[in-house]
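Structure at a glance
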Amino acid sequence: MNRKKMVAGNWKMNMTNDESVNFINQLKSTLVKNVDVKIAPSFTNLYNAILLLDSSEIEVIAQNIHYEDKGAFTGEISAEMLKNIGVKTVIIGHSERRKYFNETDSILSKKVKKAVDNSLKVIFCIGEELSERENGNHFELIKNQLKTGLFNLSEQEIQNTVIAYEPVWAIGTGKTANNHQIQEMHEFIRQLVKDKYGIGFSEKIRILYGGSVKPINAKDIFSLDDVDGGLIGGASLNISDFNSIVQAANG
Ligand code: PEP
């Protein structure tokens, strides 16, 4: 099945508003014909980024969301706030959120539901630690992350979701999973989606790879059967690297 590739840059806690404006002005000339290109600036830069990319194909997405509608949750951002400034997609379950902010699969499940209830699309991240892979538990772990965090959605609710497989040991480390490991896990994930939601959706859902994707390895990774693009951390902060990765997905 021909799925349109997606490349999403996760800026994490990087770039001031000024730096973000500068980056976006350069990014605007990027050719994105056959690729869905997204950037995820920090919350302070979101609105400006949306205004700057208003007439562009490049989408500005959020890095996080809270699962409550509103109230006494200091420092948090609601679905309604994001929607109100024009955000349409949110990353949920990034390993840094899991690790440093104790976001468990059941918390993530609430976030996913809140996003979907507010018509926000979700990029749901999953991935194993190195010790889990070394113990041979990585398939079971991924299965549980999906089951508890994402698979509570109904068939109708899950339609706009993208899954990002990001082995934690490959994030920001310069270590990439090898092509065999990537394809094997993506195929496994697609099979789980098929078992739960049927073949139609399993063929349609996009599964991104994340973990030290760089210009040098992007083309190889994106050519794997079950890889539909990438979630890019470090390399998304450099305009020329990010452009090269987008072009690698362009085919
Ligand atoms: C990420 O944080 O989602 C990521 C994949 O980071 P990096 O590309 O830097 O490994």
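The structure this text deals with has already been given above.
The text that follows walks through the structure, step by step, so that each part is easy to find. (Residues numbered from 1 in each chain as written. Predicted model: local features only at pLDDT ≥ 70, side-chain atom pairs only at ≥ 80, totals over all residues. Heavy atoms only, no water.)

**Describing the packing of helix α1 (residues 17–27) against helix α2 (residues 43–52)**
α2 packs onto α1 with a crossing angle of 25° between their chain directions and a minimal axis gap of 10 Å. Taken together, α1 and α2 sit at an angle that is classed as roughly parallel. Considering how the two elements wind past one another, α1 and α2 form a crossing that is right-handed. Between α1 and α2, the contacting residues are Asn17, Ser20, Val21, Ile24 and Asn25 on the first element and Thr44, Asn45, Asn48, Ala49 and Leu52 on the second. When grouped by side-chain class, the residues that make up the contact of α1 with α2 number four nonpolar, six polar and no charged. (Axes fitted to C-alpha atoms, helices over the stretch in contact; angles between N-to-C directions. Helix = DSSP H or I, 4+ residues; strand = E, 2+ residues; numbered from the N terminus. Parallel < 35°, antiparallel > 145°, perpendicular 65-115°, else oblique. Left-handed = near helix turned anticlockwise from the far one by under 90°. Contact = heavy atoms within 4.5 Å. Nonpolar A, V, L, I, M, F, W, Y, C, P; charged D, E, K, R; others polar.)

**Observations concerning the site of the ligand**
Near the ligand lie 14 residues; those nearest to it are Lys12, His94, Glu166, Gly172 and Ser212. When the free accessible area of the ligand is taken as 290 Å², the share hidden by the protein chains comes to 98%. Of the residues that constitute the shell around the ligand, the class distribution is four nonpolar, eight polar and two charged. (Near = heavy atom within 4 Å. Areas by Shrake-Rupley, 256 points an atom, 1.4 Å probe, with all protein chains shown as cover.)

**Side note on the nonpolar core**
Judged by nonpolar contacts, the single largest core of 66 residues is most densely connected at Leu146, Ile189 and Phe222. Apart from the residues lying within four places of it in its own chain, the contact partners of Leu146 are Phe124, Ile126, Phe151, Ile163, Ile189 and Leu192. Counting eleven residues, the second-largest nonpolar core is a separate cluster that includes Ala8, Ile61, Ile123 and Leu231. (Core = buried A, V, L, I, M, F, W, Y, C linked by side-chain atoms within 4.5 Å. Buried < 20%, exposed > 50% of the residue type's maximum accessible area, 1.4 Å probe, protein only.)

**Comments concerning the sheet that holds strand β3 (residues 59–60)**
With parallel pairing, eight strands are arranged side by side in an open sheet as β3-β2-β1-β8-β7-β6-β5-β4. Edge strands, defined here as strands with exactly one partner in the open sheet, are β3 and β4 (89–92). Across six bridges, the pairing between strand β1 (residues 5–10) and strand β2 (residues 35–40) is parallel. The residue of β2 that forms the bridge with Ala8 is Lys38. (Pairing = 2+ DSSP bridges.)

**Re the pairing of strand β5 (residues 121–126)**
A regular strand places its side chains so that they alternate between the two faces of the sheet. With five of six residues buried, β5 lies mostly within the body of the structure. As paired strands, β4 and β5 are joined by four bridges and run parallel to one another. Among the inter-strand pairings, Ile91 is bridged to a residue of β5, identified as Ile123. As defined by bridge partners, β5 adjoins strand β6 (residues 162–165) across four bridges and the pair is classed as parallel. Across the sheet, residue Phe124 finds its bridge partner in β6, namely Ile163.

**Some details on the pattern of salt bridges**
Tallied over the entire structure, the rule returns 14 salt bridges. Here Lys114 ties to Asp69 by a salt bridge, and the two come within 2.8 Å at their closest N and O atoms. Within this pair, whereas Lys114 is found in helix α5 (residues 105–117), its partner Asp69 is found in the loop between β3 and α3 (79–84), the two being separated by 45 residues in sequence. Judged by relative accessible area, Lys114 falls into the buried class, the value being 16%. Here Glu103 makes a salt bridge to Arg97, at a shortest N to O gap of 3.0 Å. A relative accessible area of 7% means that Glu103 is categorised as buried. Several salt bridges converge on common partners, so that one network encompasses Arg3, Arg190, Asp226 and Asp228. (Salt bridge = Lys/Arg side-chain N within 4 Å of Asp/Glu carboxyl O.)

**Describing unusual backbone geometry**
If you check the backbone angles, Asn102 has positive phi at about 50° while not being a glycine. Structurally, Asn102 can be placed in the loop between α4 (95–100) and α5. A residue is classified by how much of its surface remains accessible, and Asn102, at 57% relative accessible area, is exposed. Even without being a glycine, Ser119 presents a positive backbone phi close to 60°. On the basis of relative accessible area, Ser119 is assigned to the exposed category, the value being 63%.

No statement about biological role is implied by the geometric values presented.
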